[in-house]
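Overview (structure and organization)
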Amino acid sequence: MPQQPESAWAPPAAYTSPTGMVFRRLAIPADMPMIHGWFQQPHARFWCLQGASVAEVQDLYAAQLACGFRDVHIGALDGEPVVLAESYDPRFDQLADHYPVQPGDVGMHICLAPARRPVSGFSRRAFQAVMDLMFDGLGARRVVVEPDQHNHKIHALNKRFGFVYRGNVPLREKVASLALCTRDHYHQALQSLQEMPA
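Residues numbered from 1 in each chain as written. Predicted model: local features only at pLDDT ≥ 70, side-chain atom pairs only at ≥ 80, totals over all residues. Heavy atoms only, no water.

Observations concerning the packing of helix α3 (residues 122-137) against helix α5 (residues 183-194)
Interaxial distance between α3 and α5 falls to 12 Å at its minimum, and their mutual angle equals 155 degrees. Judged by the inter-axis angle, α3 sits roughly antiparallel to α5. The way α3 lies across α5 gives a crossing that is left-handed. The segment α3 lies against α5, with R124, Q128, M131, D132, F135 and D136 engaging R183, Y186, L190 and L193. Residues belonging to the contact of α3 with α5 are distributed by class as follows: five nonpolar, one polar and four charged. (Axes fitted to C-alpha atoms, helices over the stretch in contact; angles between N-to-C directions. Helix = DSSP H or I, 4+ residues; strand = E, 2+ residues; numbered from the N terminus. Parallel < 35°, antiparallel > 145°, perpendicular 65-115°, else oblique. Left-handed = near helix turned anticlockwise from the far one by under 90°. Contact = heavy atoms within 4.5 Å. Nonpolar A, V, L, I, M, F, W, Y, C, P; charged D, E, K, R; others polar.)

Structure representation (structure tokens):
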């Protein structure tokens with residue numbers, strides 16, 4: 001794994017998905033209390049930030065944004081922030097030790113805001129918007145994910161949107177399930193989802 005990125009990583013500062021979700025870069029320190037609260041929710045336990053302080057979350061994201069191969073995006077609907085998405089160049093991540101990285105691969109993490117009220121199909125809508133950000137906003141050829149092997153809810157969502165699983169890999173902080181999604185697989189999955197009820 002290379003030690004220092006050749007900083008060609010330049011994601012756009014803003015992007016609007018076809019479904020109307022507006023993405024902007026994470027703002028430090030303004031966004032820290034908000035996302036800290038998201039990470040304390042039960043659904044975010046696989047982020048391993050429950051119990052972390054606001055200052056610790058801020059230090060984590062300040063380091064990510066300074067490293068040169070990661071970015072962090074906040075997606076909003078009707079002006080309300082509803083999702084955090086991380087993007088990264090896997091060439092400079094530990095994941096590069098476990099699969100052959102190809103040009104145009106973009107790594108992705110996603111965390112939904114806690115729902116104020118149940119909204120049918122919201123997880124799918126938010127996930128689709130983040131995938132559009134990866135492919136259209138960031139120009140990914142493939143999207144790469146490595147969720148915890150026990151995170152069954154995200155596995156189901158990944159598979160619905162076209163990710164193909166490649167098996168488990170040992171990372172420093174977890175045993176991860178490696179999965180990849182091409183643009184073609186994503187669009188095929190969207191066609192199938194359009195035929196399903198929300």
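Here's the deal with the layout of surface pockets
For the largest pocket, the calculated volume is near 1,400 Å³. F46, W47, H109, I110 and N151 are, among the 49 residues lining the largest pocket, the residues nearest its centre. Listed by contribution, the elements that provide at least two residues to the lining of the largest pocket are α2 (54-66), β4 (80-88), β5 (105-112), α3 and α4 (152-160). Here the residues of the lining of the largest pocket sort into 30 nonpolar, nine polar and ten charged. A volume near 390 Å³ is recorded for the second largest pocket. If you go around the second largest pocket, you meet 16 residues; those closest to its centre are E80, V82, R117, V119 and F122. In terms of residues, the lining of the second largest pocket owes the most to one element, β4, which gives three residues. A class-by-class count of the residues in the lining of the second largest pocket yields nine nonpolar, two polar and five charged. (1 Å grid on protein atoms, 1.4 Å probe; cavity = no way out; pocket = protein on both sides within 12 Å on 5 of 7 lines; lining within 4 Å. Points joined across faces, edges and corners; volume = space filled by probe spheres on them.)

Let's talk about α4
Among all positions in α4, only I154, H155, L157 and N158 are buried. Each buried residue of α4 sits inside an arc of 165 degrees when the element is viewed along its axis, so together they form one side. For α4, exposure combined with an orientation more than 90 degrees from the buried face picks out H152, K153 and K159. Where the residues of α4 are buried, they touch β5, α3, β6 (142-145), β7 (164-170) and β8 (175-182). (Buried < 20%, exposed > 50% of the residue type's maximum accessible area, 1.4 Å probe, protein only. Arc of directions from axis to C-beta.)

Structural notes on the sheet that holds β5
One open sheet accounts for eight strands, arranged β1-β2-β3-β4-β5-β6-β8-β7; its pairing is mixed. Edge strands, defined here as strands with exactly one partner in the open sheet, are β1 (14-16) and β7. Taken pair by pair, the neighbouring strands of this sheet meet at an average axis angle of 30 degrees, ignoring direction. Where β7 meets β8, six bridges bridge the pair, whose relative direction is antiparallel. By the bridge assignment, N168 is partnered in β8 with S177. Sheet contacts for α3: β1, β2 (22-25), β3 (70-77), β4, β5, β6 and β8; angle to β5, the most-contacted strand, approximately 155 degrees. Against the sheet, α4 makes contact with β5, β6, β7 and β8, and its axis sits at roughly 145 degrees relative to β7, the strand it touches most. (Pairing = 2+ DSSP bridges.)

Comments concerning the side chain of D132
In this structure, D132 sits in helix α3. Among buried Asp, Glu, Lys and Arg side chains, D132 stands out as unpaired, with R183 the closest opposite charge at 7.3 Å. Setting aside residues no more than four positions away along its own chain, D132 makes contact with Y15, S17, P18, G137 and Y186. (Lys, Arg positive; Asp, Glu negative; His and termini not counted. Salt bridge = Lys/Arg side-chain N within 4 Å of Asp/Glu carboxyl O.)

Some remarks on the packing of aromatic side chains
Under the counting rule described, the total for this entry stands at eight aromatic pairs. Relative to Y186, the ring of F135 has its centre 5.5 Å away and its plane inclined at 20 degrees; by these criteria the two rings are stacked. Residue F135 is located in helix α3, and its partner Y186 is located in helix α5; the two are separated by 51 residues in the primary sequence. In this pair, the class of F135 matches that of Y186, namely buried. Feature note: the residues F127, F135, F161, F163 and Y186 constitute an aromatic cluster, connected by ring pairs. Sitting above the plane of the Y88 ring, R70 keeps its charged end 4.7 Å from the centroid. (Phe/Tyr/Trp six-rings, centres within 6.5 Å; stacked < 30°, edge-to-face > 60°. Lys NZ or Arg CZ within 6 Å of the ring centre and 35° of its normal.)

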